[in-house]
Structure formats: structure tokens, C-alpha cells
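# Results of the structural survey
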Amino acid sequence: MSAHTILGRLGLALGVFLIVSPAILFFLWMISLSVKFEVDNAAYPPVFWPEHFAWKNYTDVLSSNRFFTYFKNSLLVTGGATALAMLVGVPAGYGIARMAAHKSAIVILIARITPGLSYLIPLFLLFQWLGLLGTLWPQIIIHLVVTVPIVIWIMIGYFETTPIELEEAARIDGATRWQVFRHVALPVAKPGLAVAFILAVIFSWNNFVFGIVLAGRETRTLPVAVYNMISFDQLSWGPLAAAALIVTLPVLLLTVFAQRQIVAGLTAGAVKGG
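Per an unreviewed UniProt entry, the protein chain carries the name Carbohydrate ABC transporter permease and comes from Bradyrhizobium denitrificans. Recorded under Sequence similarities (unreviewed entry), the UniProt text for the protein chain is reproduced unchanged: "Belongs to the binding-protein-dependent transport system permease family."

Okay, here's the thing in C-alpha cells:
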């Protein structure tokens, strides 16, 4: 192995370390806060590894009467928004890709990068007029602002690189456009479907802004519930960090166990396009 190759790999490793290390450090510090008593969390100099672990922080969060209510709300909102996004976004991505509707793709990209707050005020007024504020429906509907553009954008890129010859052969054999989409295009696009689904789940689960404005006391999602643990008169870092980690755990596990599908889905289009 040449010296140039070794230096290149060392430089790459150093770059990855510099990029990833802050996120890992913050995550480890959150774990440290979550297993310490308040005396250790307020100590100076800071205590990273406590002598006694405060597992009570986790049990207090899990034993809360409202925790599983908020967890169920997050599941319903994320599941509903992701299912609707897949139902709408996958056919839309296929149609845009096959029609080469590049202007429509640009509109989808603009919708994706537009801040969610731009949609929040008009939709808030609409939901207020319909009398839906405080229910789960406004959150599911407004999460489509986040999930649908993600699904469409990913599926456009994937369908554009899948072989069209199979679809043309099916059309020659008498298959309808719907049959071609269902029996030919979708099976080939499974890696792209997996990536679109996973990213839609992650972005919907982690969304905070929509929930804090549209949710009622009984319809809060987990990110909003963690925020509501912060008060001016009393702030317990241990339970707060434990709650934040519990909220992060589902999407973290999903990302870890589905990392191969994510990498395969994101790189398959580039390989086929080559």
C-alpha cells in the first residue's frame, strides 16, 4: 500500500471523526445526565461517570400516567402520516418520473425545503374553523407537509433509474398502466420504498413544531411531552434527559437495524444509473 493511499485513508478517517465526534459526545453526555442524581448533575467540576446510577429517572418517566398516552399518540400520528404519504407519494413519484415532469419535481423540492412554519398558520386557522384543534387529525394532516415531499422526491430519483424495458414488455403483453405499476415497477423499487418509509417515519416522529401548536393536553406527542417537562421554577436534568433518550430510542433502533436497507436504497439508483 502506497504512502499516498495511507495518507488518504488517514485523512478520511480524521474527517469522519471530526464530523461525527460532536454528535457522539452530546449523545454520551445525555446518557450521563440521565443516569445521575440531581446532586451529580449540578456538581462542579462536572461528573461524567457517577458512583451511583439513578435508574429511577427512567422508571419515573415510564411509570408516568401520561407517558403511554403520548407514546400512543406518536405512534398514531407517525403511522398515519407515513401511511398516507406512501399511499400518495409513491404513485406520484412514479408518474412524475415516467412523464419526465421536471417542473413538478422542482415544485416538490421547493415544498420540501420550505420551512414548516410557512404552512402552520394557515392550516391552524383552517383546523380551528373546522373544530379539529386538540385532536390527532390536524397533526396527521400537517405532518404530510413533511412526509409526502420526502417520499415523492426519493421515489422520483429511484424510478428514473429503474429499467423501463420491463415495463414496456409488460405493456406489449397487454398490461394496463396500473398493472405495470403494481406488478413490475413496485417490486423493482423495494429498496427505494424502504428508504422513503424509514425517512418519513424519522422526520414525522421527531417533529416538534406542529405538535406544540396543534396538540391538546391529551393529544401531545412524545417530543412535545418532553418539552413540557421544562419549567422556570424547577428543572430536573436527569428525568428530562431520560425522557429525551426514550423518545430518541425508537428511531435510533429503526436506523440501526435498517441501515443496510437505507444504504442500498440510496445507492441503488446511482449504481443503476451508471
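With that settled, consider the overall build of the protein chain. Check the secondary structure of the protein chain and you find 14 helices and 0 strands. In the protein chain, the order of α-helices and β-strands from amino to carboxyl end is α-α-α-α-α-α-α-α-α-α-α-α-α-α. Reported as C-alpha extents along the three principal axes, the dimensions of the protein chain are approximately 75 × 70 × 30 Å. Taken over 274 residues, the protein chain has a buried fraction of 36%. The long-range share in the protein chain, meaning contacts at least 24 apart out of those at least 6 apart in sequence, stands at 74%. For the protein chain, the exposed area adds up to about 16,400 Å²; of that, 72% sits on carbon and sulfur atoms. Averaging the positions of the 16 positive and the 11 negative side-chain charges in the protein chain gives two centres separated by 6 Å.

Time to look at the packing of aromatic side chains. Inspection of every chain in the model, using the stated rule, returns 8 aromatic pairs. Positioned above the aromatic ring of Trp29 is the side chain of Lys36, whose terminal nitrogen or guanidinium carbon lies 4.8 Å from the ring centre.

This part takes up the nonpolar core. Ranked by size, the top nonpolar core spans 35 residues in total, and within it Val90, Ile142, Val151, Met155 and Phe159 carry the most contacts. Counting residues per element, this core draws most heavily on helix α7 (residues 137–159), at 12 residues. Setting aside residues no more than four positions away along its own chain, Phe159 makes contact with Val90, Gly93, Tyr94, Ala97, Arg98, Phe181, Ala185 and Ala189. Among the nonpolar cores identified, the runner-up in size contains 20 residues, and Val35, Leu222, Leu245 and Ile246 belong to it.

Let's shift gears to the UniProt feature "transmembrane region" (unreviewed entry) in the protein chain. Taking the UniProt record as the reference, the feature "transmembrane region" (unreviewed entry) is found at residues 12–31, 75–97, 109–130, 136–159, 192–215 and 235–257. Helix makes up 88% of residues 192–215 and strand 0%. Its end C-alpha atoms lie 32 Å apart.

It is worth spelling out empty space enclosed by the protein at this point. Under the definition given, this model contains 1 cavity of 30 Å³ or more. Taken together, Ser74, Val77, Thr78, His143, Ser204, Trp205, Asn207, Thr221 and Pro223 make up the lining of the largest cavity. When residues of the lining of the largest cavity are assigned to their parent elements, the largest contribution, 3 residues, is made by helix α4 (residues 67–99). Tallied by class, residues from the lining of the largest cavity come to 3 nonpolar, 6 polar and no charged.

Before going further, it helps to spend a moment on helix α13 (residues 237–257). Here α13 contains 21 residues, and its C-alpha end-to-end distance of 29 Å stays within 8% of the 30 Å for a straight helix at 1.5 Å per residue. By the largest-angle criterion, Leu249 marks the main kink of α13, which is about 35°, and a proline, Pro250, follows within four residues. Among the residues of α13, those classed as buried are Gly238, Pro239, Leu240, Ala241, Ala242, Ala243, Ala244, Leu245, Ile246, Val247 and Val251. Looking at the buried positions of α13, the neighbouring elements they touch are α1 (3–34), α2 (38–41), α3 (56–62), α4, α10 (190–206) and α12 (222–227).

Within the fold, Glu167 resides in helix α8 (residues 165–172). Residue Glu167 is classed as buried on the basis of its relative accessible area of 4%. Contacts of Glu167, omitting those with residues within four sequence positions, involve Tyr94, Arg98, Arg177, Val180, Val184 and Ala185.

It is worth spelling out helix α9 (residues 177–188) at this point. Every α-helix winds through 3.6 residues per turn, so residues three or four apart in the chain are directed the same way. Between its first and last C-alpha atoms α9 spans 15 Å; for 12 residues at 1.5 Å apiece the expected length is 16 Å, and the two agree. For α9, the set of buried residues is Val180, Phe181, Val184 and Ala185. Along the axis of α9, the buried residues cluster in a sector spanning 125°; they form a single face. Those residues of α9 that are exposed and angled more than 90 degrees off the buried face are Trp178 and His183. The secondary structure elements touched by the buried residues of α9 are α4, α7 and α8.

Rules of the game
The residue numbers shown here count from 1 along each chain, following its written sequence. Selection of residues for local features in this predicted model requires a pLDDT of at least 70, selection of side-chain atom pairs for listing and counting requires 80 or more, and totals for whole chains, interfaces and linings are taken over all residues. Hydrogens and waters are ignored; side-chain quantities use all the structure's heavy atoms. UniProt positions are given in the numbering used here, feature names are shortened, and annotations may be inferred rather than shown by experiment. Numbered from the N terminus, helices here are DSSP runs of H or I no shorter than four residues, and strands are runs of E no shorter than two. Buried, partly exposed and exposed residues are distinguished by accessible area as a fraction of the type maximum, computed with a 1.4 Å probe on protein chains only: under 20%, between the cut-offs, and over 50%, respectively. By definition, residues are in contact when any of their heavy atoms lie within 4.5 Å. The protein chains shown are the only cover counted for residues, whose accessible areas, like all others here, come from Shrake-Rupley with a 1.4 Å probe. The sign given to each residue is positive for Lys and Arg and negative for Asp and Glu; His and the chain ends receive no count. In plain terms, the charge of a residue is placed at NZ if it is Lys, CZ if Arg, CG if Asp and CD if Glu. Within 6.5 Å between ring centres, the rings of Phe, Tyr and Trp (the latter by its six-membered ring) count as paired, and their orientation is classed by plane angle as stacked under 30 degrees, edge-to-face over 60, tilted in between. The rule is short: NZ of Lys or CZ of Arg within 6 Å of the ring centre and within 35 degrees of the ring normal puts a charge over the ring. Here, nonpolar core refers to any group of buried Ala, Val, Leu, Ile, Met, Phe, Trp, Tyr and Cys residues whose side-chain atoms link them within 4.5 Å. Only protein atoms enter the 1 Å grid used here, on which a cavity is any set of points holding a 1.4 Å probe that cannot leave and a pocket is any open set flanked by protein within 12 Å on both sides along at least five of seven lines; residues with an atom within 4 Å of a point are listed as lining. Grid points are joined across faces, edges and corners, and a volume is the space filled by probe spheres set on the points. Under the convention adopted here, Pro, Cys and the residues Ala, Val, Leu, Ile, Met, Phe, Trp and Tyr are nonpolar, Asp, Glu, Lys and Arg are charged, and Gly plus all remaining residues are polar. Every helix has an expected span of 1.5 Å times one less than the residues it contains. Bend is computed residue by residue as the angle between axes fitted to the seven residues ending at the residue and the seven residues starting at it. What the arc measures is the spread of directions leading from the helix axis to the C-beta atoms.

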